[in-house]
Each structure stands twice: as C-alpha cells, then as structure tokens.
Amino acid sequence: MNDQLLYTPFFENCLALVVTLPWLSGVVGFVLPENRSSSARVLAVGLMGLSVAAAFFIFIACWNNAPYTHQWNWFSIASHQFSVGVYLDNLSAMMVLVVTLISFLVHVYSIGYMASDDQQGRYFAMLGFFTFSMLGIVLADNLLLIFIFWELVGFCSYALIGHWFEKEAAAAAAKKAFLFNRIGDLGFLVGLLLLWANTSTFDIDQLRNLKEVFSWQTAASLCIFCGVIGKSAQFPLLTWLPDAMEGPTPVSALIHAATMVAAGVFLLARVDFLFTDQTLDVVIVTGAITALLAALAALVQNDLKKILAYSTISQLGLMVTAFGSHASEVAVLHLFTHAFFKACLFLSAGLIIHAMHEAHHEASVHNDVQDIRNLGGLRKRLPFTFVACVVSGAALAGIPFTSGFLSKDAILTSVTLWKGDDFSWRWLVLMSTFIVSFITVLYTFRLIWFVFMGKEKNTAAMSVHEPPFIMRLPVALLGVCSTWLIIAWNSLDYAGWLFNSFHTGENSHLTWMPFFSGGWVLLALATAYFLFRKGNPYQSALLLNNFYLDRAYQTIVGKPVLYLTRITTYLDRTVIDGAIHLAAYGQVALAHGLQWIDRFVLDGVVNGAASAARGVGSLTRSLQGGKIQVYILSAVMAILMFILWTLI
Amino acid sequence: MSLTNIMFYFFALVAALSAISMIFVKNVFYGALLLIVCLLSVAGIYVLSFAEFVAVVQIIIYAGGILVVIIFGIMLTSRMAGKPLLVQHGNWFPGLLVSGVMFVLLITLLSQQSFMQPSLPPQPEKQIGNIGVGLMTDFVLPFEIAGVLLLAALIGASVVASTMKSNRE
Amino acid sequence: MVPVEHILYLAALLLTAGLAIVIVKRNAIMVLLGIELMLNASNLNLIAFNRLQADKIDGQMFSLFVIVVAVCEAAVGLAIVLRVYKMYQTSVPDEVSELKD
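Note that the structure is predicted; figures quoted are calculated from it, not measured. Per chain, residues are indexed from 1 in the order of the written sequence. Working convention: letters from A go to chains and numbers from 1 go to ligands, in the order in which they are written. For a predicted model such as this one, the threshold for reporting local features is a pLDDT of at least 70, and the threshold for listing and counting side-chain atom pairs is 80 or more; totals across whole chains, interfaces and linings nevertheless cover every residue.

## Examining the overall build of chain C
No. 1: Assigned secondary structure in chain C consists of 3 helices and 0 strands.
No. 2: Helix numbers and strand numbers start at the N terminus; a helix is a DSSP run of H or I with at least 4 residues, a strand a run of E with at least 2. The order of α-helices and β-strands along chain C, N terminus first, is α-α-α.
No. 3: By definition, residue pairs are in contact when their C-beta atoms, positioned from the backbone, come within 7 Å. Across chain C, the fraction of contacts at a sequence separation of at least 24, relative to all contacts at a separation of at least 6, is 49%.

Here's what the structure looks like:
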C-alpha cells in the first residue's frame, strides 16, 4: 500500500537513514579501539544528529497522512510467508521523533558525563544499538519483528545497565533486569503463538481488520500484556527498575525514563484492537496497583535516582491505567510528555551527581553523592540545575502550564469517564488515581526541597560549580519541551494538536477537570510544604524496601528453583555420572581380565611350547655334559641294547 | 669235593665279595685295600689253574707295584691331610642297572654254551721254562713291543706328572 | 676239577663289578681301580681257557702281556690324575668338564 504520489524516494532514503545511522554508530563504537574513543564519540553524536534531522523530515512528511508501508519477503516455512516490513503512521512517526531526539540529546550529554570513563567506545556503541532496536520496535509492521527488536532492546538495556560491570551491584542489576524482562516475554510469546494459531498472521494491518471479536482474544491480549508487565515494570515485575539505577545516569534517562519502558505502552497502543473488556479490566487494575505502590515507595526513598525510578514506575502505572480505561490515545499522550520531563529530571540529577563528584574529588571527601540527606541548599551553587529541576518537576507533579498537567488531566478525565455513574469497584481505581497524583506532588516537592532548599550542610566547605555547557544544553532543551506548548495551544485543554491526531472519535472532555486537578495539585503543594519544610518527618522500612517484594520473590521463586537445581545436580553427578563411571570401571575390569587371559593363557601356551623345546634340548644336551662317566655309561648302554636287540 | 675245589670256591668267594664291596665303600683307601684282597685271591685261583708264573707276576706287579703306586696317588690327591678321602656316588641307578643287565646277559650266554672238560698239563714242573723259551721264540714280537711300550709309558708318565713349567702354558 | 664255567662266571662278575665302579664312583682313582678290576677279569678268562688246552701256554703268555699293558696304563693314568689334580684342585672327574657342549 505504497502511496507513490505522497512518499518520494527521498522520503524512503530518509527512513532508511533514520534506522541505519544509529546502527552504524553502534558498529563504529565497537570497531574502533578504546584509544580512539574520542573519534568514536564524535562520530556517534554526528550520526545521531543526522538521524534526528531525517526523523524530523519524516515526521513532517508523514504527519496526518495515510500510513506508509513497505514489505520485503524474509523466509517461508511450508506455505506460510514471513516478511519484514515498515508501518509508518502517526504513532510511529511521533515515536521515531521522540526516540531519536532524546537519544541524540543523551549522546551529547554523555560526552560530558562519561568524559572520564575508559570504556566510552563500548558505551556509545550500545547506545547506538539501543536506538536502532527501539526504532525497530516502533517501525515494524508485524508482531514477530516487534518481538525480535523487543528482545534486542532488552539486551541493550542489559549491556548498558551493566556498563560498569566490575561493580558487583551493577552486574547483578543488569542480570535482574534481563531476567524480569524475559519472564514477561514468556507471556508475550505465548500471546503471539495464540495469535498465530488462530489467525495465521502476525501482520498488524491484517489483525486490525479482523471482522469480529473472538473469544481467544482475551487470552492472547492478556498474554501480550504480560510482556508489557515485564518491559514497563508493572506490578508484579517492577523490582528491576529501581535496581537498574546502577547504570550511568544518561542511560537511566534514555532507557528507563523515556523510551524502553515506554515500549510497552507503545505496544499496547499498537495492538489495542485486540484487547477485550475483560482484559482491559485486568490492565487497569494492574496499572492502578503499580502506580499506588510505586508512589508510596518513592515517598520515603533517600537515593536521588531511586526516587526518580519509583516515580517512573508510578507514571507508567498511570499510563497503563489510562490505557485500561479504553483510552489508548491518552496513554500515548502521557508517554510523550513523560519522556521529555522525566528525561530532563534524570539528566538534571546527573548534573547534580556530576557536580558533587567533582567537588568530592577536589575536597577528597567520599560519601554517597546520591543520598539526598547529604545534599541541601544547592540552589545557590547550582542555579541552572535548580531551574531545570523545578520546571521538569512541575511537569511531573502536574502543575498548571506544564505538559504534565495536561496529560495528567487527560488521564484523570478518561478514568472518570470510564468509571461511569454507578457505584462499583471502579470508584477504587478512580480514588487511587487521584491519590497517586497527590503523592506525586509530595515526593517531587520533597526531592527538590531536600536537594536545593534549606541550608547547606555537607557541601558548605566544598567548591561546587555547574557542570560544563555540553551537559546543560540538552537539559535546557528538554526543559523547554516540558511546557504546555508541546501538546496544545490552549494550556487548559489537553485535546490539542497532538492529541487530535490520534483520537478519531469525538472528544469527551470534562470542563471542570482542569480546575479540579489544578486545585488538587495546589492542595498537595501546601501539604508538602508543611510536611517537609523541617526535614525528613518519618521513615518506613516497608516503603523503603519496596514492600519487601524482592525478598518475597527470593523466597517464593528463588529458593524452590535453587532447590530444584540442587536435586538435578545431585542426579547428574551421582546417577548419570555414576552410570558412566560404572561403565568405565566395568571396561577397566574387562581389560584386566583380558590381560590375565593374554598373559597366562595365550602367553602360557607359547611359553609352554618354548620350555618344552628347551627341556627336550637340554635333555639331549645333557648327554654331552663333559662328564666322562656319563659317556662311559651311555656307550655301555648302547652296546647292551645292541646285543639285546640282536639276541631277541 | 676235593680240597682244591674247596680252595677254589673259597678264593672265588673272597674275590667276588671284595669286588662287590668295592662298589659300596665310600673310602678310597678301603677300596684300594679291597682291590689288593681281590687280586690276591685271583692270584690264588691262578695257582689252582696251573698258571703259577702268572700268579706270582700278578702278586708282585699288581699287588706290589700298581696298587702301591695307586696308594701314592691317593695320598697325593687327598686335599685334607690326615682325613680320609671320601667319594660320592653318582649315577648309581643307571650304573648298577647297566652292570646288572650285563652280568645277567653274560651269565645267560655263558650258560647256554657247553665247554670241554679241563685237562691237566703234561709237564707242570717245566712250565716256567716253557714260558721263558716261548717269550724268546714264539712271542718275541709282543715281548719287544711290550718293552717299548713300557719305555714309552715310563717316559710319558714322568713327563705328564712333572712339575716343570717349561713349554707349558 | 672245577668246571670252567664257574671261573667264567666269576670273571663276568668281576667285569661287571669293575664297570659299576667306573660308572658309579666320583673319584678318578676309584675309576682306575675299576679299570684294573676289569683287566683282571679278562686275565681270569684267559687263564680259564688255558686250562682247557693244558699243553699250550698261549693263555698265560697273553695274560702276561695284559698285565704289562695294565701297568703302563695305570702309570700313565695316575700321572694324568696327578696333573689334573694340580691344575683343577679336584679329583672328581665330573668337575673337569671343560670339553662339555
């Protein structure tokens, strides 16, 4: 379905460039040796910049036009043909732009942040590969291809989280992330197989045009949702994301805030036609639980990046909640805004960490730079960072005139509409969504207050200065993107130019919602001010340890599996190896037996023949022993025998 | 049974017993002495067979010459002075078997023959004179050869037994 | 008169006794004694046959020469025994077996 009039060859070339340039930067990063890493850095950033330009062009060319598709034959099994193809519609184009833009900004930022790292070639290579894999997910036109790139993204995340793999915590976190992703992907694969068994196709277009709603769709969509649970850190597979903060901060910004975790939501949006009402009920409940748990946990965290990680989980829960309320466009909207302001928040956290590291180096002090209890009063020392954090934090909290306000508005609206007018369990979901938005404001305020406000405690004696310009520029750009302009011209109506491109039905819009949510947010701000202005009011071990989910997983899953491995090891070593050893011993015994036979029987026969010959020989030889009397005896015996013989 | 018969059987018995006991003695000196006894009894048999000269020659040369020399040899070849020279017996079973078989064979063959009756000599008192005449007339060649033989044996024995180191080794 | 067979039997006995001594004894001088006994046995035979023809003296002459030969042989034999004894320090003929195979 190639619209030849609309899509020029230049467009197709740009599309190819968008995909291959990140891949090329990845290869360059691997091929060049480490002592040439500066050229690898420059090349990577340059290639990504070109990719962003191409993405811009594609976006403009493709926006609100008919979707662009192209397919190549890949392989065929029996009578089934599998193909590789591109499907470019509004959603894909927007995602392409988001991914390439944020990846480019992270590349630029990383030049400054990772300047003292000695494995920069590998870092930029994996960043490039990640971008390529992510673009593969958003551009693919069949689910099999999405699954392949899904796995590739998981692998790149593993490599990037474990970039400093010499640190044991980082290696363990990378392994954990990959494993949890894999568990989710198991469900994804089952869903794919269900889909194939019933429709014999993976193509999204063909699936979209299914005539009726089938009964197997519930099961298939539930299984595909399992993949989303793994990738987008929903309950119960959410514990990998806080641990993934062991990776470098730009990685956290790119992967675990803006893009990879959003791939789950993107997949939901892609195959939203498969989801039946029952599945959506499950989805919304999962999302609501996730959002609430993570928000509560974020409230008492002391590590800078962990607060942001739990915040990400909570926001993802909100996206999934929005999707579950039959409004996938709202989920995509929140994905879009969250990418920018969360990336900005993470990169600002990276600015703080970088500045504190340098200050500690100069002062020869070593304590945890990420612990917010060690920071305070930094607004005078790091003014730019302060402003960036305030802007993006406001977007996260949903303060009016930010993009986050609009998308949060959309979520609340859709959940309210979904709830309907009867009194049912849906009230609980609505309540929890409002509570989550309240708590979001609380922990964001707490973060900014503890880091920037108040008096300087530990850092008063050190010289703290802003990180270099190359790191501040991406933060500034992302901060600008956190304002309301990016979505709509009207700062109160979320149904702006972006939203209307996705939403095909009529706009159901609650006019009182923006004012209500604005008032709700201001109430939360006041509460936060009263709670936190004197410092940390209260601790909770339960929330700090994320409701002990990790320990629960260890006991429920880890221990039985280890027990099983012990049993199988025992079986393998004792039974199987024992059988083999027995066979070996038997063979050795047989060899000994054969040797005995050879030595005593066979050689015995030969030796016996030889000794018989020797005996006969020595017997005849003894006649000539040189003994005179024997000679005489022999002669006389011969004569006698002769005489006797003649006589008889 | 006349006296000569009794004396003949007596001498025969002595000779036989001493010969047989020579087989079983371990002392060489006893063996030599038993041989002397045997030779003397054989000489007695010679006398009873009207061969007086041979008997006397036997006594003088055999018992008085050869046996003395043999006893000298025994003394010279005994390693320990004062101790008797004892011999071992070896191959006794085949040896005795062979000897026994030969004896039985001879006896059997002899008993199957019939011999003439012995007769008396015509002039027994002129026997020695006849022997002397016969040595010089009928048997002069063996007599001379015997003399040469004795000379050769004398020289040979003295050369073999000499202890001079010349031309040896 | 004693029948001549009895002397012949005696001579046979002396002969086989001498043969036994030669084979059985492990001393060179005993071997010589055995040889002398055998020669005496032959002498006895000669004298016994001489009795059958009493007018001739052939038997007695032959036995005289036999005695002479015996003397020579005994002398030379003893000389050899003494020489061997000096060289090998032994008078056991089995130990002087350098001509063995």
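Still more to cover.
## Some details on the overall build of chain B
No. 1: Helix and strand counts for chain B come out as 6 helices and 0 strands.
No. 2: Scanning chain B from its N terminus toward the C terminus, one meets helices and strands in the order α-α-α-α-α-α.
No. 3: Any residue with 12 or fewer other C-beta atoms within 10 Å of its own C-beta is exposed, any with 20 or more is buried, and the rest are partly exposed; the C-beta atoms used are placed from the backbone. Of all 169 residues assigned to chain B, the portion counted as buried reaches 24%.
No. 4: In chain B, the share of contacts with a sequence separation of at least 24, taken over all contacts with a separation of at least 6, comes to 56%.

## Quick look at the interface of chain B and chain C
No. 1: Each partner contributes to the interface: chain B provides 70 residues, whereas chain C provides 58 residues.
No. 2: Elements represented by at least two residues in the side of chain B that touches chain C include exactly helix H1 (3–24), helix H2 (28–48), helix H3 (52–76), helix H4 (92–112), helix H5 (127–136) and helix H6 (140–161) of chain B.
No. 3: The greatest single-element share of the side of chain B that touches chain C, amounting to 13 residues, is contributed by H3 of chain B.
No. 4: Amino acids are sorted into nonpolar (Ala, Val, Leu, Ile, Met, Phe, Trp, Tyr, Cys and Pro), charged (Asp, Glu, Lys and Arg) and polar (every other residue, Gly among them). In the side of chain B that touches chain C, the residues fall into 53 nonpolar, 17 polar and no charged.

## Quick look at the interface of chain B and chain A
No. 1: Listed per partner, the contact involves 7 residues of chain B and 7 residues of chain A.
No. 2: Within the side of chain B that touches chain A, the residues separate by chemical class into 5 nonpolar, 2 polar and no charged.

## Topic: the nonpolar core
No. 1: Note on definitions: a nonpolar core is a set of buried residues drawn from Ala, Val, Leu, Ile, Met, Phe, Trp, Tyr and Cys, linked by C-beta atoms within 7 Å. In terms of nonpolar packing, the biggest core is built from 184 residues, with Val18, Val96, Ala331 and Ala343 of chain A touching the most fellow members.
No. 2: The element contributing the most residues to this core is helix H14 (residues 328–363) of chain A, with 19 residues.
No. 3: Those residues in contact with Ala331 of chain A, other than ones at most four positions away along the chain, are Val265, Leu268, Ala269, Met319, Ala322 and Phe323 of chain A.
No. 4: Counting residues in hydrophobic clusters, the runner-up holds 75 residues, among them Ala19 and Ile66 of chain B together with Leu14 and Ala17 of chain C.

## Topic: the pairing of strand S1 (residues 68–77) of chain A
All names here are of chain A.
No. 1: Of all 10 residues making up S1, only 1 are buried, and the element is barely covered by its neighbours.
No. 2: Bridge count between S1 and strand S2 (residues 80–88): 9 bridges; the pairing is antiparallel. When the bridges of S2 are listed, Tyr68 appears paired with Leu88.
No. 3: Note on pairing: two strands pair once DSSP finds at least 2 bridges between them. If you look at the hairpin formed by S1 and S2, you'll find 2 residues sitting between the two strands, and Ala78 has a positive phi there, around 50 degrees.

## Here's the deal with the packing of H14 of chain A against helix H18 (residues 469–480) of chain A
Residues and elements named next belong to chain A.
No. 1: For helices, the fitted axis covers only the stretch in contact; all axes are lines through C-alpha atoms, and the angles between them, taken along N-to-C directions, range from 0 to 180 degrees. The contact between H14 and H18 brings their axes to 9 Å, and the two run at 150 degrees. Here H14 is positioned roughly antiparallel relative to H18, judged by the angle of their axes. H18 is crossed by H14, and the crossing has left-handed handedness. The segment H14 lies against H18, with Phe340, Ala343, Cys344, Leu347, Ser348, Leu351 and His354 engaging Met471, Pro474, Val475, Leu478 and Gly479.
No. 2: Its residues placed into classes, the contact of H14 with H18 shows 9 nonpolar, 3 polar and no charged. Oblique is the label for any angle not covered by the other classes, which are roughly parallel (under 35 degrees), roughly antiparallel (over 145) and roughly perpendicular (65 to 115). When the near helix sits turned anticlockwise from the far one by under a right angle, the crossing is termed left-handed; a clockwise turn instead gives a right-handed crossing.

## Considering helix H16 (residues 403–419) of chain A
No. 1: Helices are assigned an expected span. That span is 1.5 Å times one less than the residue count. Here H16 of chain A is 17 residues long and its end C-alpha atoms lie 25 Å apart, about the 24 Å a rise of 1.5 Å per residue gives.
No. 2: The buried count for H16 of chain A comes to 13 of 17 residues, which makes it a mostly enclosed element.

## Considering unusual backbone geometry
Residues and elements named next belong to chain A.
No. 1: With an omega of 5 degrees, the peptide bond running from Phe235 to Pro236 counts as cis.
No. 2: Non-glycine residue His326 carries a positive phi angle of around 60 degrees.
No. 3: Here His326 lies in the loop between helix H13 (304–324) and H14.
No. 4: We note that Phe401 has phi near 75 degrees; this positive angle belongs to a residue other than glycine.
No. 5: Relative to the assigned elements, Phe401 resides in the loop between helix H15 (383–397) and H16.

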